[in-house]
Structure formats: structure tokens, C-alpha cells
Amino acid sequence: MPVVPTHPLTTPDPDVLRWVIPDGLLPFTGGVAHAPALLQGLLDDGTLSAVQVEDGAVLTLLGDGRSWRREGARVRTALVDALGAPSSWRGGAGAHDVGPDEVLEAAARQIADGPVGAFARSHGGALVVRSVHDGVVEVGLEGACDDCPAAVITMHARFEHLLRRRCPWLAEVRRAEE
């Protein structure tokens, strides 16, 4: 079984780690009702009090009286094992299924709101995700980007490149018709 790449990031809550995982790996977002054996064992014994799936991440909340120094290696081992069996995860109440277009849209919006959007805004423009359908992302170029030839290059060379790295099933990025 191939090992799924993941790495932890701290959050404002010291009891919560955000584990970055490949986009689209897990079939839902929301609370986890049941996880594969090792991870479920950590929930059952109180090492973890909750596990939450987000777009491109899994959040793990330590149980009362636990520390990452003592439990971090066990949590990592259990999570990596569980990520090897994505179809064995079950969402809890309020979780919702996600398909490739939903994952693609979330990643596209993060990139457009993040580094590529900041670049466009620094030049008086905006790159806005308008729609995602069947692997095609339509992007609006607004403000100074509307009639700038370099904006199209930014859309493909920066935005599309970053998005394709996260979501290899991306079919195309194109400018939205006004």
C-alpha cells in the first residue's frame, strides 16, 4: 500500500493539529463517525476526542490530558494508516459527500484567494473563480486584469499550474465569458 503524503500544521488551538493531505483523497467533509482501525482506536481510547475532514486536510483534536509530545507519533502512524483506506472512512451527522468538481472548486478558490489573488490585487485587479463543471474552471479577470494581456499569462502560468499540482484531474482553466 503506498504511503499517502501528509504533514501537520499547528492551529490557534494547541490541542488541534491540521494534517495536510492530497485534495480529493477522502470522500466527504465534516466530522468523522468511523475511521479505519488504528485511528478509530485512538478515538475509542480517548487519545483523540474528534477527527474532522476539511478540503485537503484532516483536523485531529487531542483528548483531555493528552499532549502532542506524547501522542504525536501514534496519531501520525494511525492517520497515515487510515489514509491508505479512504473508502473505510464514514462521515458523521452533518458531513457531506464531495466529488471531484467540489474538491476542484475549493482548491481553485483557495489559490485565487491566496497567492495568485494577492498578486492580481497588487496590480489593481482580481482573479475570481466563477464556475467549475466537469473539471473545467472558469475564471473572471476583473479590474486592471480585465484588459491586461499579462493577466491571461498569470491565469495559466500561476493559477493553473498551482491548481493542476493539487488537482491533477483538472481538465482546463479558461476565462469566463462576460
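### Considering the overall build of the protein chain
1) Next: For the protein chain, the count of helices and strands is 5 helices and 10 strands.
2) Next: The principal-axis extents of the C-alpha atoms in the protein chain amount to approximately 60 × 30 × 30 Å.
3) Next: Going through the 178 residues of the protein chain one by one, you find that 40% of them count as buried.
4) Next: Taking all contacts inside the protein chain whose residues are at least 6 apart in sequence as the whole, residues at least 24 apart take part in 59%.
5) Next: A total of about 9300 Å² of accessible surface is found on the protein chain, and carbon and sulfur atoms cover 55% of it.

### Topic: the side chain of Thr-47
1) Next: You can see Thr-47 is positioned in the loop between helix H1 (37-44) and strand E4 (48-54).
2) Next: Given a relative accessible area of 0%, Thr-47 falls into the buried group.
3) Next: Among all residues touching Thr-47, those that are not within four sequence positions of it are Leu-42, Leu-61, Leu-62, Gly-63, Arg-66, Glu-71, Arg-74 and Val-75.

### Considerations on the pairing of strand E5 (residues 57-62)
1) Next: The buried fraction of E5 is high, at 5 of 6 residues.
2) Next: Alignment of strand E2 (residues 16-20) against E5, held across 5 bridges, turns out to be antiparallel. Looking at E5, one finds that Trp-19 is bridged to Val-58.
3) Next: Two successive antiparallel strands, E4 and E5, enclose a turn made up of 2 residues, where Gly-56 displays a positive phi of approximately 70°.

### Concerning the sheet that holds strand E10 (residues 172-175)
1) Next: The 3 strands are arranged E8-E9-E10 in an open sheet whose pairing can be described as mixed. Looking at the sheet topology across the chains shown, the edges are occupied by strand E8 (125-133) and E10. Neighbour to neighbour, the strand axes of the sheet diverge by 30° on average, direction disregarded.
2) Next: Across 4 bridges, strand E9 (residues 136-143) lies against E10 in parallel orientation. Within E10, the position partnered with Val-137 by the bridge is Val-173.

### Details of the packing of aromatic side chains
1) Next: Per the counting criterion, the structure on display carries 0 aromatic pairs.
2) Next: Note that Arg-158 overlies the ring of Phe-119, its terminal NZ or CZ placed 3.8 Å from the centroid.

### Topic: helix H5 (residues 149-166)
1) Next: For H5, which comprises 18 residues, the first-to-last C-alpha distance of 26 Å matches the rise-based estimate of 26 Å (1.5 Å per residue) to within 8%.
2) Next: The inward-facing, buried residues of H5 abut helix H3 (100-113), helix H4 (115-122), E8, E9 and E10.

### Topic: the pattern of salt bridges
Opposite charge on two side chains makes pairing possible when the charged atoms of those side chains draw close.
1) Next: Counted according to the given criterion, the structure contains 11 salt bridges.
2) Next: Between Glu-71 and Arg-74 there is a salt bridge, and its shortest N-O distance comes to 2.7 Å. Of this pair, Glu-71 and Arg-74 both sit in helix H2 (residues 68-83), 3 residues apart, which is roughly one turn of that helix.
3) Next: When the shortest N-O distance is used, the salt bridge between Asp-146 and Arg-175 registers 2.8 Å. Of the two residues, Asp-146 sits in the loop between E9 and H5 while Arg-175 sits in strand E10, which places them 29 residues apart along the sequence.
4) Next: In this structure Arg-175 comes out as partly exposed when scored by relative accessible area, which is 28%.
5) Next: Residues joined in a network through salt bridges with shared partners are Asp-45, Arg-66, Glu-71 and Arg-74.

Reading the values: rules and limits
- Residues numbered from 1 in each chain as written.
- Predicted model: local features only at pLDDT ≥ 70, side-chain atom pairs only at ≥ 80, totals over all residues.
- Heavy atoms only, no water.
- Helix = DSSP H or I, 4+ residues; strand = E, 2+ residues; numbered from the N terminus.
- Buried < 20%, exposed > 50% of the residue type's maximum accessible area, 1.4 Å probe, protein only.
- Contact = heavy atoms within 4.5 Å.
- Areas by Shrake-Rupley, 256 points an atom, 1.4 Å probe, with all protein chains shown as cover.
- Pairing = 2+ DSSP bridges.
- Axes fitted to C-alpha atoms, helices over the stretch in contact; angles between N-to-C directions.
- Phe/Tyr/Trp six-rings, centres within 6.5 Å; stacked < 30°, edge-to-face > 60°.
- Lys NZ or Arg CZ within 6 Å of the ring centre and 35° of its normal.
- Expected span 1.5 Å × (residues − 1).
- Salt bridge = Lys/Arg side-chain N within 4 Å of Asp/Glu carboxyl O.

Interpretation note: all reported values are geometric properties and have no functional meaning in isolation.
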